Amino acid sequence: HHSKEEKIEMICKDWGIAVTDVYYFTDSKADVYELEKFLNREKIIGVSWGYCGYDKLRELLPENQILKNFSDIHKIFP
């Protein structure tokens, strides 16, 4: 078993990109707490239709980093 950090590092190595360049999509506050020191916090994106919902994710992430629905991905990646 690998930690989330190890999995992200392996994927980045396979894809030939830096960890600092990746976006991480989560519906869990636990992921934010676990990864905020490992990843660029501005690239942790909350998906409000998942486990925690919008209100819980808003406790940890700014409004512009929370996707309320699938089409909101275009506000991050125009």
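Refer to the preceding data block for the structure.
The structure contained in this document is the topic of the report that follows.

Summarising the element assignment, N40 is placed in the loop between α2 (29–35) and β2 (44–47). Polar contacts involving the side chain of N40 include one to the main-chain amide nitrogen of E42, which spans 2.9 Å.

Counted by the stated rule, this structure contains 6 salt bridges. Residue E34 pairs with K4 through a salt bridge whose shortest N-O separation is 3.4 Å. Within this pair, whereas E34 is found in helix α2, its partner K4 is found in helix α1 (residues 4–15), the two being separated by 30 residues in sequence. Linking E36 and R41 is a salt bridge whose minimum nitrogen-to-oxygen distance equals 2.2 Å. Classification of E36 as partly exposed rests on a relative accessible area of 24%. We classify R41 as partly exposed; its relative accessible area is 30%. Counted as one network, the salt bridges with shared partners bring together K4, D31 and E34.

Another point: the side chain of D72. With respect to the helices and strands, the residue D72 is situated in the loop between β3 (66–67) and α4 (73–76). Buried charge D72 goes without a salt bridge, the closest partner of opposite sign being K75 at 4.4 Å. In this structure the side chain of D72 is engaged in a polar contact, spanning 2.8 Å, whose partner is the backbone nitrogen of K68.

On to the packing of aromatic side chains, then. Under the definition given, this model contains 3 aromatic pairs. Judged by centre distance (6.4 Å) and plane angle (40°), the ring pair of F25 and F77 falls under tilted. Of this pair, F25 sits in strand β1 (residues 24–26) while F77 sits in the segment after α4, and the two are 52 residues apart along the sequence. Note on F25: relative accessible area 34%, which makes it partly exposed. F77 sits in the partly exposed class, given a relative accessible area of 34%.

Further remarks concern the pairing of β2. Of the two faces of β2, the one carrying I44 and G46 and the one carrying I45 and V47 are both buried. Bridge analysis of β1 against β2 gives 3 bridges, and the strand direction is parallel. Within β2, the position partnered with Y24 by the bridge is I44. Crossover β1 to β2 through α2 is right-handed. Examined bridge by bridge, β2 and β3 share 2 bridges and lie parallel to one another. Following the sheet pairing, V47 is matched in β3 by L67. Where the polypeptide runs from β2 across helix α3 (residues 53–58) and back to β3, its parallel neighbour, the crossover connection is right-handed.

Rules used in this analysis
- Residues numbered from 1 in each chain as written.
- Predicted model: local features only at pLDDT ≥ 70, side-chain atom pairs only at ≥ 80, totals over all residues.
- Heavy atoms only, no water.
- Helix = DSSP H or I, 4+ residues; strand = E, 2+ residues; numbered from the N terminus.
- Polar contact = N/O pair within 3.5 Å; in protein donor to acceptor, adjacent residues only side chain to side chain.
- Salt bridge = Lys/Arg side-chain N within 4 Å of Asp/Glu carboxyl O.
- Buried < 20%, exposed > 50% of the residue type's maximum accessible area, 1.4 Å probe, protein only.
- Lys, Arg positive; Asp, Glu negative; His and termini not counted.
- Phe/Tyr/Trp six-rings, centres within 6.5 Å; stacked < 30°, edge-to-face > 60°.
- Pairing = 2+ DSSP bridges.
- Right-handed = clockwise from strand over helix to strand, strands pointing away.

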